[in-house]
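Structural overview
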Protein chains: 2
Amino acid sequence: MEEGTSTSLGYPEGTVSAWSDAHQWDTREDCEVRQILDRIADKWSLLVLALLAERPLRFSELRRRIDGVSQRMLAVTLRHLERDGLVSRTVFPVVPPRVDYALTELGESLGSTVQALVEWTEGHQERIIEARNRYDSAKVSAEA
Amino acid sequence: MEEGTSTSLGYPEGTVSAWSDAHQWDTREDCEVRQILDRIADKWSLLVLALLAERPLRFSELRRRIDGVSQRMLAVTLRHLERDGLVSRTVFPVVPPRVDYALTELGESLGSTVQALVEWTEGHQERIIEARNRYDSAKVSAEA
DNA sequence: TTCCATACTTCCCAATGGTGACCCAAGATG
DNA sequence: CATCTTGGGTCACCATTGGGAAGTATGGAA
């Protein structure tokens, strides 16, 4: 998208700081942000990260803690997070296999943010549920 | 999933605090957290929230800013966020229709967290990309 | 009269997520 | 010896979802 010609939304260039002007996650390099955000901010990743932020856990522990997650999804999620360098995978060659997952240093730097997100959700779930009910009943009466 | 028989991980009830040991998002009431987290922390919602945290925007502005998003997905996302009471929708009955979206008070309380997440991503994308490359090349050589 | 813009909605198909079955290894159990 | 169990996975398949294209309504411009 052409910078200069962008019209009604044209912010004067030069006002740029981390969070100012044309925050645009599109065809530019920033699209990688989109891609990464996608990865870390999906359903299971957030939960895994939040749990691992507390302490390292084994595969089966994670599975039990999260418990809506299927083996495949947990495995896939962990593999993604490992690929992205956010979690480390330690295999103990013992006979019932044992694999520990922990946050890497990089992962830890995300941990607090993710926890903040989860905590926000916990703290505000009631208000959200209220809002949903309001919205739904308003919609129903509007349709009537 | 028998509660009582669950062994090594059986948490005694009553030891639960906001972020203590028994963080388990499963069959209990906490499952709502999962549901909500799902909603707010998906691909487009985060980006929308982050953008609206800067300032209110119109539908088409959001679309241009995010620009990987289809009309449908943006509409769906906004409807969800509106339902959850995180964004407000203001329709101006003018002739090319105009609809403004803004964070509600509730949405604003999330805004900073979401921004933090996005900023983290922006700040660490290079390290993640490096990690990916490392992982991928390690995997390739392992397969050879 | 046709075209344009905005803000959607509907339809359809491909991609993706998720489920359950199966696999592997070795020690315990019968 | 055969079989079961346990932990950590993979695989094939199906349901859900995401995304693209096109349709809708409105009134003003060309």
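This section reports on the structure supplied with the text. These figures come from a predicted structure and were not determined experimentally. (Residues numbered from 1 in each chain as written. Chains lettered and ligands numbered in written order. Predicted model: local features only at pLDDT ≥ 70, side-chain atom pairs only at ≥ 80, totals over all residues. Heavy atoms only, no water.)

**Considering the protein's contact with DNA strand D**
Around DNA strand D, 18 residues are found, and the nearest of them are Q71, R89, P97 and Y101 of chain A together with M73 of chain B. Considering the 4 Å shell around the protein, atoms of DNA strand D inside it are sugar or phosphate in 59% of instances. Measuring from a phosphate oxygen of DNA strand D, one finds a side-chain N or O atom of R79 of chain A at 3.4 Å. The separation between a sugar or linking oxygen of DNA strand D and a polar main-chain atom of P97 of chain A is 2.6 Å. Secondary-structure elements contributing two or more residues to the surface near DNA strand D are helix 3 (59-66), helix 4 (71-83) and strand 3 (98-103) of chain A together with helix 2 (43-54) and helix 4 (71-83) of chain B. Here the residues of the surface near DNA strand D are counted per class, giving 8 nonpolar, 3 polar and 7 charged. (Near = heavy atom within 4 Å. Polar contact = N/O pair within 3.5 Å; in protein donor to acceptor, adjacent residues only side chain to side chain. Helix = DSSP H or I, 4+ residues; strand = E, 2+ residues; numbered from the N terminus. Nonpolar A, V, L, I, M, F, W, Y, C, P; charged D, E, K, R; others polar.)

**Remarks on the sheet that holds strand 1 (residues 57-58) of chain A**
All names here are of chain A. The 3 strands lie next to each other as 1-3-2, forming an open sheet whose pairing is antiparallel. The open sheet terminates on both sides in strands that have one partner only, identified here as strand 1 and strand 2 (87-92). Its contacts with the sheet put helix 2 (residues 43-54) on strand 1, strand 2 and strand 3, and the angle it makes with strand 3 is roughly 90 degrees. The sheet strands contacting helix 4 are strand 2 and strand 3, and the helix crosses strand 2 at an angle near 115 degrees. (Pairing = 2+ DSSP bridges. Contact = heavy atoms within 4.5 Å. Axes fitted to C-alpha atoms, helices over the stretch in contact; angles between N-to-C directions.)

**What about the sheet that holds strand 3 (residues 98-103) of chain B?**
All names here are of chain B. Across the sheet, which stays open at both edges, the 3 strands sit in the order 1-3-2 with antiparallel pairing between neighbours. At either margin of the open sheet sits one strand with a lone partner, and together these are strand 1 (57-58) and strand 2 (87-92). Examined bridge by bridge, strand 1 and strand 3 share 2 bridges and lie antiparallel to one another. The partner of R58 across the bridge, within strand 3, is D100. Relative to the sheet, helix 2 contacts strand 1, strand 2 and strand 3, its axis offset from that of strand 3 by approximately 90 degrees. On the sheet, helix 4 packs against strand 2 and strand 3 and is oriented at approximately 115 degrees with respect to strand 2.

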